[in-house]
Amino acid sequence: MPLEHKALPIICPLPDDTRLDGVFRRLCHLPGCLWLDSAAGGRFSFITADPIDTLVAMPGDPNPWPRLADWNRRLPRIPCQDELPPFQGGIAGLIGYEAGMWLEPVVGMAPSNDLPTPAMSLGLYDWTIAMDHRHGRALLICNGLGDKKSPNQKSPDQESAGKSAHQRAEQIQDILHSHSPLALEHSLPWMTPRTRSGSPSSGGDILAGQIPKLVGQHATKHAGVFSNFTGAGFRAGVAEIVQRIHAGDSFQVNLAQRLTRQADLPSPELYMRLRQSNPAPFGAYYGGEGFEVLSSSPEGFLSVRDGLVETRPIKGTAPRVGDARPDALLAHKLRVSEKDRAENVMIVDLMRNDLSRVCEDDSVVVEKLCQIETYQYVQHLVSVVQGQLRADRTVVDLLAACFPGGSVTGAPKIEAMRTIAELEPNPRGPYCGSIGYISTSGDADFNILIRTITASHGHWQIPVGGGITARSTPAAEEAETWSKAEGMLRAFRAK
């Protein structure tokens, strides 16, 4: 049973002129800084940092999913007050693509893990700053869940929880109002500055102390950007998948090429550029130990509100040229494309099956099918599937039943993941995993990490891919990956 938390959270309205980009600049140096950023279209954005406990597992470590389930079981449940945002503190962070290997060990993993990052990196967050974009207000929410000396051991009593929440609320507001947050952090014993073995301009902590030389990298048409495929090699991979589909191995497989570039500025600065050049409704920044994830994702993976589960698979992509008439013609072509519609419907069926494992019988429905959604450089076919989570199932059960998202694997999922591990030269890392939260309110929200840059070991990784079906042509699939990369590559060029 969840722990009972007798104290209500401390709610502090922030000034009307509060901007989350300014808040981020003051907090990004703290460990575990997390910005769930609805830069385009979402109602709420959240920033938090300095978790009171962490759960970190590298590929090959013991299975962390049982520990996550225990965290969720022990997480105090604080009833959501009317009009409060859904994330009020709780469990949040990264579940990388390779976390699926613990769920399906038969899948295997790509052979060359040259830029290793955790497959799971989560924190227990005691506070959050929430921005309600609809009403133009920002709130600081503090719970008083515990402290770093004894995290998540027992539910604090009402008096100590309230005292802790008030103290932290005052400390965070001191940081926000200070003109010198880096100097102030040393006077806050419950906050710990991030430790770096690389320089501040490394674009990610360098765990090995030196920037490694990557093997098997190929020059691309963009100066300083390399791929783990040659153009011919990627097209051959697409052709191989089409052949396997015709042989009956699978119906669809997602194939990605990993672009890399040597990092030359701090990741927070690059993220500020990214959210300007490619705003998205499920954007995120996460500062893990030794790496950062910068995402302008358009895709929601799983959300839970009062037990109602929703997933929003994206399949089918067309470019945008920035002119209304050509873009409308491209959207129409996407809408009537048999190949793209079939691609989307296959993943909708997969997600319906995944949700049915943990949702009430007959509650899983398709709310929207193959609707056009428009973003900065591309247009997508998006569907919406919903279901009611069973009373005997938890959010962690839901994540385990659906992870990784079918839109970034293919169908059938296990066979598609096997093919990905065979054909892609490197593990995906955070890419095609998820960033999100399980709130003390009981609600949850996770994205799918596409349009995502990972900074680690002095490099930026920019993987881009797409779903391959029997109707795919290698040249078109390769071109689609570059359309998806455009917004991220433009962030590097921004001044």
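Residues numbered from 1 in each chain as written. Predicted model: local features only at pLDDT ≥ 70, side-chain atom pairs only at ≥ 80, totals over all residues. Heavy atoms only, no water.

A.B. asks: Pulling in residues and values, what's your account of the overall build of the protein?
C.D. replies: Summing up its helical and strand segments, the protein has 12 helices and 23 strands in all. Sequence-distant contacts in the protein: of pairs separated by 6 or more residues, those separated by 24 or more amount to 76%. About 19600 Å² of surface is accessible on the protein, with carbon and sulfur atoms providing 52% of the total. (Helix = DSSP H or I, 4+ residues; strand = E, 2+ residues; numbered from the N terminus. Contact = heavy atoms within 4.5 Å. Areas by Shrake-Rupley, 256 points an atom, 1.4 Å probe, with all protein chains shown as cover.)

A.B. asks: Can you lay out the side chain of Ser38 for me, pointing to particular residues and giving the numbers?
C.D. replies: On the secondary structure map, Ser38 appears in the loop between strand 2 (34-37) and strand 3 (44-48). Given a relative accessible area of 12%, Ser38 falls into the buried group. Side-chain polar atoms of Ser38 contact the backbone oxygen of Pro281, separated by 3.3 Å. When residues no more than four places from it in sequence are discounted, the contact partners of Ser38 are Phe44, Ser45, His133, Ala280 and Pro281. (Buried < 20%, exposed > 50% of the residue type's maximum accessible area, 1.4 Å probe, protein only. Polar contact = N/O pair within 3.5 Å; in protein donor to acceptor, adjacent residues only side chain to side chain.)

A.B. asks: Explain helix 9 (residues 338-356) to me, using residue names and the numbers behind them.
C.D. replies: Helix length check: helix 9, at 19 residues, gives a terminal C-alpha distance of 27 Å against a target of 27 Å (1.5 Å per residue), a fit within 8%. When we look at burial in helix 9, the residues that qualify are Lys339, Asp340, Glu343, Asn344, Ile347, Val348, Leu350, Met351, Asp354 and Leu355. (Expected span 1.5 Å × (residues − 1).)

A.B. asks: Could you give me a rundown of the packing of helix 7 (residues 267-277) against helix 12 (residues 474-493), with the residues and numbers involved?
C.D. replies: The interhelical angle for the contact between helix 7 and helix 12, taken along N-to-C directions, is 130 degrees, at an axis separation of 8 Å. The angle between helix 7 and helix 12 places the two elements in the oblique class. The handedness of the crossing between helix 7 and helix 12 comes out as right-handed. Contact with helix 7, carried on its side by Leu270, Arg273, Leu274 and Ser277, involves Gly487, Met488, Arg490, Ala491 and Phe492 of helix 12 and no other residues of that element. (Axes fitted to C-alpha atoms, helices over the stretch in contact; angles between N-to-C directions. Parallel < 35°, antiparallel > 145°, perpendicular 65-115°, else oblique. Left-handed = near helix turned anticlockwise from the far one by under 90°.)

A.B. asks: Break down the nonpolar core for me, with residues and values.
C.D. replies: Ranked by internal contacts, the top residues of the largest apolar core, which has 63 residues, are Trp65 and Ile95. Broken down by element, the residue count for this core peaks at six residues, all from helix 10 (residues 395-402). Setting aside anything within four residues of it in sequence, one finds Trp65 in contact with Ile95, Ala99, Trp102, Leu103, Met120, Val396, Leu399, Ala400 and Phe403. If you look at the next biggest cluster of nonpolar residues, it comprises 45 residues, including Ala138, Ile172, Ala263 and Leu274. (Core = buried A, V, L, I, M, F, W, Y, C linked by side-chain atoms within 4.5 Å.)

A.B. asks: For the state of the cysteines, give the residues involved together with the corresponding values.
C.D. replies: Evaluation of the coordinates by the stated rule reveals zero disulfides. In this model Cys12 remains outside any disulfide bridge; the closest cysteine sulfur is found in Cys142, 6.0 Å from its own. With relative accessibility at 12%, the residue Cys12 sits in the buried group. Sulfur of Cys28: no disulfide; nearest cysteine sulfur belongs to Cys33 and is 6.1 Å away. Judged by its relative accessible area of 16%, Cys28 is buried. (Disulfide = S-S within 2.5 Å.)

A.B. asks: Requested: an account of the pairing of strand 18 (residues 378-388), with residues and values cited.
C.D. replies: With 10 of its 11 residues buried, strand 18 lies for the most part within the structure. Direction of pairing for strand 15 (residues 308-311) relative to strand 18: antiparallel, over a ladder of four bridges. Bridge pairing links Glu310 to Gln386 in strand 18. Pairing geometry for strand 16 (residues 314-319) and strand 18, over four bridges, is antiparallel. By the bridge assignment, Ala318 is partnered in strand 18 with Gln379. Examined bridge by bridge, strand 17 (residues 365-374) and strand 18 share seven bridges and lie antiparallel to one another. From the neighbouring strand, Thr374 faces strand 18, where its bridge partner is Gln379. Joining the antiparallel neighbours strand 17 and strand 18 is a turn of three residues. (Pairing = 2+ DSSP bridges.)

A.B. asks: Provide a residue-level description of the packing of aromatic side chains, including the pertinent values.
C.D. replies: Throughout the structure, instances matching the rule amount to 14 aromatic pairs. For the pair Phe44 and Phe46, a centre-to-centre distance of 6.1 Å together with 25 degrees between the ring planes defines the contact as stacked. Looking at Phe46, the relative accessible area reads 5%, which means it is buried. Taken together, a centroid distance of 5.8 Å and an interplanar angle of 70 degrees make the contact between Phe46 and Tyr437 edge-to-face. One end of the pair, Phe46, is in strand 3; the other, Tyr437, is in strand 20 (residues 434-439), with 391 residues separating them in the sequence. By the burial criterion, Phe46 is buried, and Tyr437 matches it. Among the aromatic residues, those joined into a cluster by ring pairs are Phe24, Trp35, Tyr271 and Tyr285. Geometry around Tyr97 places Arg428 over its ring, the cationic atom sitting 4.8 Å from the centre. (Phe/Tyr/Trp six-rings, centres within 6.5 Å; stacked < 30°, edge-to-face > 60°. Lys NZ or Arg CZ within 6 Å of the ring centre and 35° of its normal.)

A.B. asks: Describe the environment of Gly406, naming the residues involved and giving the relevant values.
C.D. replies: Take Gly406: it is sitting in the loop between helix 10 and strand 19 (410-411). Separated by 91 residues in the primary sequence, Gly406 and Lys315 place their C-alpha atoms 10.0 Å from one another.

A.B. asks: Quick rundown of the packing of helix 9 against helix 10? Include the residues and the values.
C.D. replies: As a packed pair, helix 9 and helix 10 sit with axes 9 Å apart at the nearest point and diverge in direction by 145 degrees. Both helix 9 and helix 10 take part in a crossing whose hand is right-handed. Residue-level contacts link Met351, Asp354 and Leu355 of helix 9 to Leu398, Ala401 and Cys402 of helix 10.

A.B. asks: Kindly report on the confidence of the model for the protein, identifying the contributing residues and their values.
C.D. replies: Predicted confidence across the protein gives a mean pLDDT of 88, with 88% of residues reaching 70 or more. Segment residues 181-209: pLDDT under 50, and 85 contacts once partners within four positions in sequence are set aside and those in other chains are kept. (pLDDT = per-residue confidence, 0-100.)

A.B. asks: Explain the pattern of salt bridges to me, using residue names and the numbers behind them.
C.D. replies: Evaluated as defined, the whole model comprises 30 salt bridges. Between Glu478 and Arg235 there is a salt bridge; the shortest N-O distance is 2.7 Å. One end of the pair, Glu478, is in helix 12; the other, Arg235, is in helix 6 (residues 231-246), and 243 residues separate them in sequence. In this structure, Glu422 engages Arg244 in a salt bridge whose closest nitrogen and oxygen atoms are separated by 2.9 Å. (Salt bridge = Lys/Arg side-chain N within 4 Å of Asp/Glu carboxyl O.)

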